[in-house]
Amino acid sequence: MIVLENVSKSYTSGAPALNSINLTIEKGEFVFIVGSSGSGKSTLIKLLLKELEPTSGKIYINGRYLNKINKRKLPLLRRDIGVIFQDFRLLQDRNVFDNVAFAQKVVEVPNKLIRGKVLSMLSMVGLLEKYKSFPSEMSGGEQQRVAIARALVNNPAILLCDEPTGNLDPENSWEIMKILEEANRRGTTVVVVTHNHDIVEKMRKRVIKMDSGNIVEDAEKGGYLYED
C-alpha cells in the first residue's frame, strides 16, 4: 500500500529532513506517526502527496512508483488519497454540501451521482441536517467533520491526516477519531500525524515515532509509551 525504500530528503540549506527511511504500511492499517516538531513527520506526508520530491530513495503507493509519476498523472494518483489538515481548508464561500461535492467534481463524477454520495457521507459524519450551512456558521469540530466527509467522499484507498485534532477540544477530538476509525473499518488505510498523547495511548494502534529525520520506534497496538 505505502512503501518507502531508503528515502532521504534534504532541503536547499543542506539540512536533512529525512535520513534513509524504510517504511511499509499495509492495506487496511491504522497508523499514528508521532514525534516532536522538526522530526520529519510533515516532510513524510508531503512526499506521499508528491508535494515534495525525495532527494534519494524510492516511494510506492498502491503499487505505483511515485518518483516516476509526472504532473499530468498526479490527479489520478490523488484520487486514491484523501487528505485532512489541521486548519480544515474549507471553501468559505460555499456551503457544506458544495464543499464536499467539490471533491467529486474535481474527479469528474457525473452530476446525477454526486448528490447521493455527498448526502451519504454527510450522514456518516453526523452533519446531514447542516448540508446548507456555511463554514463560518459551524464549530471547529463540525468543520473538521466536513473536511473528513470531503476527504472520504471519493472512497480513497488511503487517508492521510496531518494533525486532524490540533485545533479541537478533547471531546471533539475523540469524535473525529471515532469517524476515522469507522473509515478504517470500512477498508480505508488511515495514517495520522499527531501530537495528541492521550489519543495515541488509548487507541492502541500501530505507532511510528520519528526523531531528527529517522524512524526511532515502530510499535504495534499500544506497546509504546509516547514521549516527546
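As shown above, the structure is provided for reference.
All of these numbers come straight from a predicted model, not from anything done at the bench.

Student: For helix H1 (residues 41-48), give the residues involved together with the corresponding values.
Tutor: Across the 8 residues of H1, 6 count as buried, placing the element largely inside the fold. Within the sequence span of H1, burial applies to Lys41, Thr43, Leu44, Ile45, Leu47 and Leu48. Backbone geometry just downstream of H1 places lysine 50 in the positive-phi region, at approximately 60°.

Student: Can you break down the pairing of strand E9 (residues 206-211) residue by residue, with the values?
Tutor: Extensive coverage of E9 is indicated by the burial of 5 of its 6 residues. Bridge analysis of E9 against strand E10 (residues 214-219) gives 5 bridges, and the strand direction is antiparallel. Each bridged residue has a counterpart across the sheet, and for aspartate 211 the counterpart in E10 is asparagine 214. Adjacent in sequence and paired antiparallel, E9 and E10 are bridged by 2 residues, among which serine 212 carries a positive phi angle near 50°.

Student: So what's going on with the packing of aromatic side chains? Which residues, and what values?
Tutor: Across all of its chains, the model carries 2 aromatic pairs by this definition. Sitting over the ring of phenylalanine 85, arginine 89 keeps its end group 3.7 Å from the ring centre. Its end group placed over the ring of phenylalanine 30, lysine 205 keeps NZ or CZ at 5.2 Å from the ring centre.

Student: Hey, could you go over the packing of helix H3 (residues 96-106) against helix H4 (residues 111-124) for me, with residue numbers and the actual values?
Tutor: To characterise two packed helices, one gives the angle between the axes of the helices and the distance between these axes. Where H3 contacts H4, the axes come no closer than 9 Å and their chain directions differ by 120°. Classed by the angle they form, the pair H3 and H4 counts as oblique. Of the two possible hands of crossing, H3 and H4 adopt the one that is right-handed. Across from Val96, Phe97, Val100, Ala101, Gln104 and Lys105 in H3, the residues of H4 making contact are Leu113, Ile114, Arg115, Lys117, Val118, Leu119 and Leu122.

Student: Any details on unusual backbone geometry? Residues and values, ideally.
Tutor: A positive phi is found at arginine 89, a non-glycine position, where the angle reads about 55°. A relative accessible area of 48% means that arginine 89 is categorised as partly exposed. Phi angles above zero are rare outside glycine, and asparagine 155 is one such case at about 55°. Structurally, asparagine 155 can be placed in the loop between helix H5 (140-152) and strand E7 (158-162).

Student: Which residues make up the sheet that holds E9, and what are the values?
Tutor: The 6 strands are arranged E6-E7-E8-E3-E9-E10 in an open sheet whose pairing can be described as mixed. Of all strands in the sheet, those bounded by a partner on one side alone are strand E6 (81-85) and E10. Geometrically, the sheet is characterised by an average inter-axis angle of 15° between neighbouring strands, direction not taken into account. Packing against the sheet, H5 makes contact with E6 and E7, and its axis sits at approximately 165° to E6.

Student: Could you give an account of the environment of serine 123, naming the residues involved and the relevant values?
Tutor: Note that serine 123 resides in helix H4. Serine 123 gets classed as partly exposed once you look at its relative accessible area, which sits at 43%. Along the backbone, serine 123 and alanine 149 are 26 residues apart, and their C-alpha atoms lie at a distance of 9.1 Å.

Student: Mind laying out helix H6 (residues 170-185), listing which residues take part and the relevant values?
Tutor: Compared with the 22 Å implied by 1.5 Å per residue over 16 residues, the 22 Å span of H6 between its first and last C-alpha is a close match. The set of residues buried in H6 consists of Ser173, Ile176, Met177, Ile179, Leu180, Ala183 and Asn184. All buried residues of H6 fall inside an arc of 155° around its axis, so they share one side. Within H6, the exposed residues directed more than 90 degrees away from the buried face are Glu171 and Arg185. Sitting at the amino-terminal end of H6 is aspartate 169, which places a side-chain oxygen 3.2 Å from the backbone nitrogen of glutamate 171.

Student: I'd like a description of the nonpolar core, backed by residues and values.
Tutor: Residues Phe32 and Leu180 are the most contacted members of the largest nonpolar core, which totals 43 residues. Mapped onto this core, the elements with two or more residues apiece are strand E3 (30-34), H3, H4, H5, E7, H6, strand E8 (189-193) and helix H7 (197-203). Ile81, Val193, Ile208 and Met210 belong to the second largest nonpolar core, which has 31 residues in total.

Cut-off values and rules
- For every chain, the first residue of its written sequence is number 1, and the numbers climb from 1 along that sequence.
- A pLDDT threshold of at least 70 governs which residues receive local features in this predicted model, and a stricter bar of 80 or more applies before side-chain atom pairs are shown or counted, although totals over entire chains, interfaces and linings include all residues.
- As a rule here, side-chain values cover all heavy atoms of the structure and leave hydrogens and water aside.
- Each residue's exposure class comes from its accessible area (1.4 Å probe, protein chains only) as a fraction of the maximum for that residue type: buried when under 20%, exposed when over 50%, partly exposed otherwise.
- Only DSSP runs of H or I reaching four residues or more are called helices, and only runs of E reaching two or more are called strands; each is numbered from the N terminus.
- At least two DSSP bridges between two strands are required for those strands to pair.
- Ring geometry is summarised as follows: Phe, Tyr and Trp rings, the Trp one being its six-membered ring, pair when their centres sit within 6.5 Å, and such pairs are stacked at plane angles under 30 degrees, edge-to-face over 60 and tilted between the two.
- A ring is scored as having a charge over it whenever the NZ atom of a lysine or the CZ atom of an arginine sits within 6 Å of its centre and within 35 degrees of its normal.
- To obtain each axis, a line is fitted to C-alpha atoms, and for helices this fit is confined to the stretch in contact; angles are then taken between N-to-C directions over 0 to 180 degrees.
- Angle categories are assigned with fixed cut-offs, so that under 35 degrees is roughly parallel, over 145 is roughly antiparallel, 65 to 115 is roughly perpendicular, and the rest are oblique.
- For any pair of crossing helices, the crossing counts as left-handed if the nearer helix is rotated counterclockwise from the farther one by less than a right angle, and right-handed if it is rotated clockwise.
- Here, residues are in contact when the closest pair of their heavy atoms is within 4.5 Å.
- To estimate how far a helix should reach, multiply one less than its number of residues by 1.5 Å.
- Relevant arc is that of directions from the helix axis to the C-beta atoms, nothing else.
- Polar contact is defined as a pair of N or O atoms within 3.5 Å, subject to the rule that within protein one atom must be able to donate a hydrogen and the other to accept it, and that residues adjacent in sequence are counted only when both atoms are side-chain atoms.
- What we call a nonpolar core is a set of buried Ala, Val, Leu, Ile, Met, Phe, Trp, Tyr and Cys residues that are connected through their side-chain atoms within 4.5 Å.

It is worth stressing that arrangement in space is one thing and function is another; only the former is reported here.
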